[in-house]
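# Inside the fold
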Amino acid sequence: MTAVLHPAPPQRPAPTAHRAEPSPSWFRTRRTGLALTILLAATAVLYLWNLTASGYANTFYAAAAQAGSQNWKAWFFGSLDTSNFITVDKPPASLWVMGLSGRIFGFSSASLLVPQALMGVGSVALVYAAVKRVATPAAGLVAGAVLAATPAAALMFKFDNPDALLVLLMTLAGYFVIRAMCTAVGRRAAMWVALAGVALGFAFLTKMLQGLMVLPAFGAAYLTAGQVRLRTRLFHLVIGAASVVISAGWWVLAVWLWPADSRPYIGGSTNNSVMDLVLGYNGLGRLFGNTGGGMSGGSSGMAGGSAGSSFGGSAGLDRLFGSEMGIQISWLIPAALIALVFGLLARGRAPRTDLLRASLILWGGWFLVTGLIFSYMSGTIHPYYTVALAPAVAGMIGVGGYALWLVRARWIGRCGLATMMLAAGIWSWVLLHRNAEWLPMLKWILLAGTVVGAILVLVGAKGRFRKLAVAGLIIGSLAGITGSASYAIATAATAHGGSIPTAGPTGAVSDSGMGGGGGMGGDQGQGDDEALPNSDDASRNPMASGPGTTSGPGTSSGSESTSELTAMLVNAGTTWSAATNGSQSAATYELASDTAVMAIGGWSSDPAPTLDQFIEYVADGEVHYYIASGQGGSPKDGQGGDSTSNAIEEWVEANFTSTTVGNSTIYDLSGYVG
């Protein structure tokens, strides 16, 4: 008797993680694609509409992007000027994008700002893709809409600060980590982790340590839910860490190896090194209040922790909800935190590799770590920094909301969804009430909508009332997001300039001197992007006196560029057409004249150049004019200015004769023989 043995059919492994089943419906797939197209198109319209009304926005970064569009060395180092005297106080990755855009399309407001807007569209698409991969397309659309409708996002994706690229890269890294957690093949998972490390490395080259604040959350999520065995997951994290070091360290190493006398001074550092910038001005100084650079003396007393943090409100758990930061980011934070807690509870008995829970760990950890640092840091912090939280808030709402919808037949699901809606409605009412004269009825309509949605979700879980739950979800979600969206639209519709732009309509920020719907026209010589010199050239800097800007003591006539002064700089014919105190003033003159201007003291009273070096530059005929009184460095008039720039100004006054051009005091340095 012969027995014929057939191999047993392969058994389907037990599900180890929740994954949304692909829809077999061609129509449903096309409908999802159409919905995504509408979301991305609406985001593009929101961020691109009337974009050039902001002119060059932040002239500090605009001047550096202009320099990079004309000179490859300036592009590589992030120099403020084409003659490579000093860099900006950040690493250059965001300037690489804007500089390349200017080189390809010609430097203009559009070539400067369109890449920023496209980064916003890309960030929305990545959040959608990340949430869709662990949930459903509908959940991804909700998450993408939350990010697009965040006021801080509508502000920074229409501005030329580094934060737009920072958010894109961190979101890209988060997407790669989720792809790694979805992958059971070890090599492919390692590839995705390595790509996440590369993205975070370039985030470091965008805004240094802020780009790495998501690392704990990403590592915890993969270590918890990666599908390969523990030893392999640990090895993958080592690969990811190495990728971060390599992708961030190559530029740091290149700067270190480059002879210091043939490259620009590293702005913001005390000793012309990138590592001093990493650990000081852009590192521990942000956390503990010692800003590094030359700011220890504190121009205008603004260098200390309390002064720097005053732009974002007092330190504490309520900082993100205060008058300065609340309207930028906090609209949906209560709902997102509820989604995080209830979502984790709803997935409590799921397998270790459950993707919904892992995604909540990723987005929730991102928010908690970054949010706590923002809440308690004593160094310089501005409200627009909170845009770094927007993808995390969007992810928590999309994933947590979906996790609760799956268990809507249970009380935890219904109560979680209803509480999310009520939290969004109540907090939107509070934020809108702070600016009570703007659309006064809107807060009541939104509150009523979230209450109705919550009730319908609570009563419509089973039987013949199931359609009520769907209706309640739609009504409550729309009402919950509309408050944030209204401020995002108001933000996008307003031109912004200066160095501390704020979101929302005029009057939205009531307890600071910044105002809503614009930026500060100038401030008292503080570090880290706090001053904007005015410019008479409205086509280049229309925000000199535009909506939402204010004039501060730092906005002096000495930093204006009249047509007569501009003509002098254009015809100077020297390596630097002029020298002036501070990067922001130098940036204004550079944009007006398209010439290199030496920024004495850089942004933060940097010790560059020394008096002897400046005298040598003048004796060699490399600087034609000296323009008295500047911004972004240290002024002379008893405001805590640094001794180097004071000594240079005193030397110029003692050896040259001043003339007045417009409202500026000018010294002709040509012909000096020592």
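These notes cover the structure that comes with them. (Residues numbered from 1 in each chain as written. Predicted model: local features only at pLDDT ≥ 70, side-chain atom pairs only at ≥ 80, totals over all residues. Heavy atoms only, no water.)

## Details of the packing of helix α10 (residues 215-225) against helix α16 (residues 355-376)
Contact geometry of α10 with α16 gives a least axis separation of 8 Å together with a crossing angle of 165 degrees. Between α10 and α16, the angle falls in the class roughly antiparallel. Regarding α10 and α16, the two cross each other, and that crossing is right-handed. Contacts from Ala-217, Phe-218, Ala-220, Ala-221, Thr-224 and Ala-225 in α10 reach Ala-358, Ile-361, Leu-362, Gly-365 and Trp-366 in α16. Grouping the amino acids of the contact of α10 with α16 by side-chain chemistry returns 9 nonpolar, 2 polar and no charged. (Axes fitted to C-alpha atoms, helices over the stretch in contact; angles between N-to-C directions. Helix = DSSP H or I, 4+ residues; strand = E, 2+ residues; numbered from the N terminus. Parallel < 35°, antiparallel > 145°, perpendicular 65-115°, else oblique. Left-handed = near helix turned anticlockwise from the far one by under 90°. Contact = heavy atoms within 4.5 Å. Nonpolar A, V, L, I, M, F, W, Y, C, P; charged D, E, K, R; others polar.)

## A look at the pattern of salt bridges
Enumeration over the complete set of coordinates arrives at 3 salt bridges. The salt bridge involving Lys-90 is made with Asp-89; its shortest N-O contact spans 3.5 Å. Asp-89 carries the same exposure label as Lys-90, and that label is buried. A salt bridge links Lys-207 to Asp-163; its shortest N-O distance comes to 2.7 Å. Of the two residues, Lys-207 is situated in helix α9 (residues 186-207) and Asp-163 in helix α8 (residues 163-181); the sequence distance between them amounts to 44 residues. When its relative accessible area of 6% is taken as the criterion, Lys-207 is described as buried. (Salt bridge = Lys/Arg side-chain N within 4 Å of Asp/Glu carboxyl O. Buried < 20%, exposed > 50% of the residue type's maximum accessible area, 1.4 Å probe, protein only.)

## Details of the environment of Gly-312
Residue placement: Gly-312 occurs in the loop between α13 (305-309) and α14 (326-329). Look at Gly-312 and you get buried, because its relative accessible area is 1%. Separated by 63 residues in sequence, Gly-312 and Ser-375 place their C-alpha atoms 9.0 Å apart. The contact partners of Gly-312, leaving out residues within four places of it in the chain, are Arg-319, Glu-324, Met-325, Ile-381 and Pro-383.

## Comments concerning empty space enclosed by the protein
For the structure on display, the rule yields 3 cavities of 30 Å³ or more. Here the largest cavity is characterised by a volume of approximately 50 Å³. In terms of lining, the largest cavity is formed by Val-146, Thr-150, Ile-329, Trp-331, Leu-332, Ala-390, Val-393 and Ser-484. Taken together, the residues of the lining of the largest cavity break down into 6 nonpolar, 2 polar and no charged. In this model, the second largest cavity occupies a volume close to 40 Å³. Contributing to the lining of the second largest cavity are Phe-77, Thr-87, Val-88, Lys-90, Pro-91, Met-208, Trp-251, Ile-266 and Leu-277. A breakdown of the residues in the lining of the second largest cavity according to their chemical character gives 7 nonpolar, 1 polar and 1 charged. (1 Å grid on protein atoms, 1.4 Å probe; cavity = no way out; pocket = protein on both sides within 12 Å on 5 of 7 lines; lining within 4 Å. Points joined across faces, edges and corners; volume = space filled by probe spheres on them.)

## Some details on helix α11 (residues 230-257)
Its 28 residues give α11 an end-to-end C-alpha distance of 39 Å, which sits within 8% of 40 Å, the value for a rise of 1.5 Å per residue. At Gly-249, α11 shows its largest bend, some 40 degrees. Listed as buried for α11 are Arg-233, His-236, Gly-240, Ser-243, Val-244, Ser-247, Ala-248, Trp-251, Val-252 and Val-255. Those residues of α11 that are buried lie in contact with α3 (72-77), α4 (93-105), α9, α10 and α12 (274-288). (Expected span 1.5 Å × (residues − 1). Bend = angle between axes of the 7 residues up to and from the residue.)

## Points about the sheet that holds strand β2 (residues 597-600)
As a general point, the strands of a sheet are linked pairwise by backbone hydrogen bonds and lie either parallel or antiparallel. Ordered in space as β2-β1-β3-β5-β4, the 5 strands form an open sheet in which the pairing is mixed. Of all the strands in the sheet, just β2 and β4 (658-661) have a single pairing partner and so form its edges. Across the sheet, the mean angle from the axis of one strand to that of its neighbour is 30 degrees, orientation sign disregarded. Both β4 and strand β5 (residues 664-668) contribute to a ladder of 4 bridges, which runs antiparallel. Residue pairing for β5: Ser-658 is matched across the bridge by Tyr-667. Each of β1 (576-581), β2, β3 (623-627) and β5 touches helix α22 (residues 583-593); the most contacted strand, β2, lies at about 170 degrees to it. (Pairing = 2+ DSSP bridges.)

## Comments concerning the packing of aromatic side chains
Here the structure, examined in full by the defined rule, presents 30 aromatic pairs. Ring geometry for Trp-363 versus Trp-366: centroids 5.7 Å apart, planes at 25 degrees, classification stacked. In this pair, Trp-363 and Trp-366 both sit in helix α16, 3 residues apart, roughly one turn of the helix. The pair formed by Trp-363 and Trp-366 is uniform in burial state, with each residue classed as buried. When the centroid spacing of 6.4 Å and the interplanar angle of 75 degrees are considered together, the rings of Phe-614 and Tyr-626 count as edge-to-face. Taken as a pair, Phe-614 in helix α23 (residues 611-619) and Tyr-626 in strand β3 lie far apart in primary sequence, 12 residues in all. The two residues Phe-614 and Tyr-626 agree in class, both being buried. Grouped by ring-pair contacts, the aromatic residues Trp-72, Trp-75, Phe-76, Phe-77, Trp-96, Trp-250 and Trp-258 constitute a single cluster. (Phe/Tyr/Trp six-rings, centres within 6.5 Å; stacked < 30°, edge-to-face > 60°.)

## Some points on the environment of Leu-355
Along the polypeptide, Leu-355 turns up in helix α16. Expressed as a C-alpha distance, the spacing of Leu-355 and Gly-226, which sit 129 residues apart in the sequence, is 9.1 Å.

None of this, on its own, says anything about what the molecule does.
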